[in-house]
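Remarks on the overall topology
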Amino acid sequence: MERRRSFPDVLAGGMFVLIGGAFVAGSLGYELGTPLRMGPGAFPLLVGLILAALGLAIVVKGLVAGEMISFGPIPWRAVGVIVLAVVFFGFTVRGLGFVPTSAVTALLTTLASTRVRPLTALAVAAGLTVAGTLIFVVGLQLQIPLWGPWLGF
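Residues numbered from 1 in each chain as written. Predicted model: local features only at pLDDT ≥ 70, side-chain atom pairs only at ≥ 80, totals over all residues. Heavy atoms only, no water.

So, unusual backbone geometry
Most peptide bonds adopt trans geometry, and most residues besides glycine take a negative phi value. The following threshold applies: Runs of E in the DSSP output that reach at least two residues are strands. Runs of H or I that reach at least four are helices, and both are numbered from the N terminus.
At Gln-141, a position not held by glycine, the phi torsion is positive, near 55°. Tracing the backbone through its elements, the reader meets Gln-141 in the segment after helix H5 (118-139).

Written out as structure tokens, the structure is:
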């Protein structure tokens, strides 16, 4: 059996190493503390190191024992709609408020799939909006207005 390198594994592992390295570099700007009294930089440092080690293991696995996996066609519509939804959320959550922004974002990401029907997308968007409001605004008490000033509330 011929072994081939797995490009997706190498690429994903490399991304993990880069993100983990960014966490490590960012955490060095904070006080690390001691093992008994950890400072604000200790947790990001540990997470970054673990993520980088995991990424390195994935890269090695992809180079040594990889298998050839071919990519299918890239769903550009879904990629574009999801990126648009995330950008929309980031730019409008303070102006529109959490509820309308979450509803539009959830609806856009649900409609990114060609298999979802509009009624199903509306139901999923309503459910995600209610769940997100309960989790983030009620449960975690994030200071985000439910209805924003752009709507006149």
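Further notes follow.
A short note on the packing of aromatic side chains
Applicable threshold: Only Phe, Tyr and Trp rings are paired, with Trp represented by its six-membered ring, and only when their centres lie within 6.5 Å; those with planes under 30 degrees apart are stacked, over 60 edge-to-face, the remainder tilted.
Evaluated as defined, the whole model comprises 2 aromatic pairs. Cluster of aromatic residues (ring-pair linked, three or more members): Phe-89, Phe-98 and Phe-136.

A look at a nonpolar patch on the surface
Basically, it comes down to this: Each patch is built from residues that are more than 30% exposed by relative accessible area and take part in no salt bridge. Like charges join if they lie within 9 Å; nonpolar side chains (Val, Leu, Ile, Met, Phe, Trp, Tyr) join within 5 Å. Surface accessibility follows the Shrake-Rupley procedure with a 1.4 Å probe radius. Residue values consider only the protein chains on display as shielding. The working definition used for a salt bridge is a side-chain nitrogen of Lys or Arg within 4 Å of a carboxyl oxygen of Asp or Glu.
Together, Phe-7, Leu-11, Met-15, Ile-19, Phe-23, Phe-43 and Val-47 give the surface a local cluster of nonpolar side chains, amounting to about 700 Å² of exposed area. Elements supplying a minimum of two residues to the nonpolar patch: helix H1 (7-27) and helix H2 (42-64). Ranked by residue count, the leading element in the nonpolar patch is H1, at 5 residues.

Brief notes about H1
Inclusion rule: The span expected for a helix works out to 1.5 Å for each residue beyond the first. Residue burial is assigned from relative accessible area. The probe radius is 1.4 Å, only protein chains are included, and a residue is buried under 20% of its type maximum, exposed over 50%, and partly exposed in between. What the arc describes is the spread of directions from the helix axis to the C-beta atoms. Contact criterion: two residues are considered in contact whenever any of their non-hydrogen atoms come within 4.5 Å of each other.
Over its 21 residues, H1 runs 30 Å from end to end, which matches the ideal 30 Å to within 8%, given 1.5 Å per residue. For H1, the full list of buried residues reads Pro-8, Asp-9, Gly-13, Gly-20, Val-24 and Ser-27. Looking down the long axis of H1, one finds its buried residues gathered within 140° of arc, a one-sided arrangement. Along H1, the residues that are exposed and aim more than 90 degrees away from the buried face are Phe-7, Leu-18 and Ala-25. In this fold, the buried residues of H1 make contact with H2.

Focus: the packing of helix H4 (residues 98-110) against H5
Worth spelling out the cut-off: Here the axes come from fitting lines to C-alpha atoms, over the contacting stretch only for helices, and the angles between their N-to-C directions go from 0 to 180 degrees. When an angle is under 35 degrees it counts as roughly parallel; over 145 it counts as roughly antiparallel; between 65 and 115 it counts as roughly perpendicular; any other value is oblique. In this scheme the crossing of two helices becomes right-handed for a clockwise turn of the near helix relative to the far one and left-handed for an anticlockwise turn of less than a right angle. Under the scheme applied, nonpolar residues are Ala, Val, Leu, Ile, Met, Phe, Trp, Tyr, Cys and Pro; charged residues are Asp, Glu, Lys and Arg; polar residues are all the others, including Gly.
Close contact between H4 and H5 brings their axes to 8 Å; oriented N to C, the two are set at 135°. With respect to H5, the axis of H4 lies oblique. Taken as a pair, H4 and H5 cross one another with a handedness that is right-handed. Listed contacts from H5 to Phe-98, Val-99, Ser-102, Ala-103, Ala-106, Leu-107 and Thr-110 of H4 are Ala-121, Leu-122, Val-124, Ala-125, Leu-128, Thr-129, Gly-132, Thr-133, Phe-136 and Val-137. Of the residues assigned to the contact of H4 with H5, the class counts are 12 nonpolar, 5 polar and no charged.

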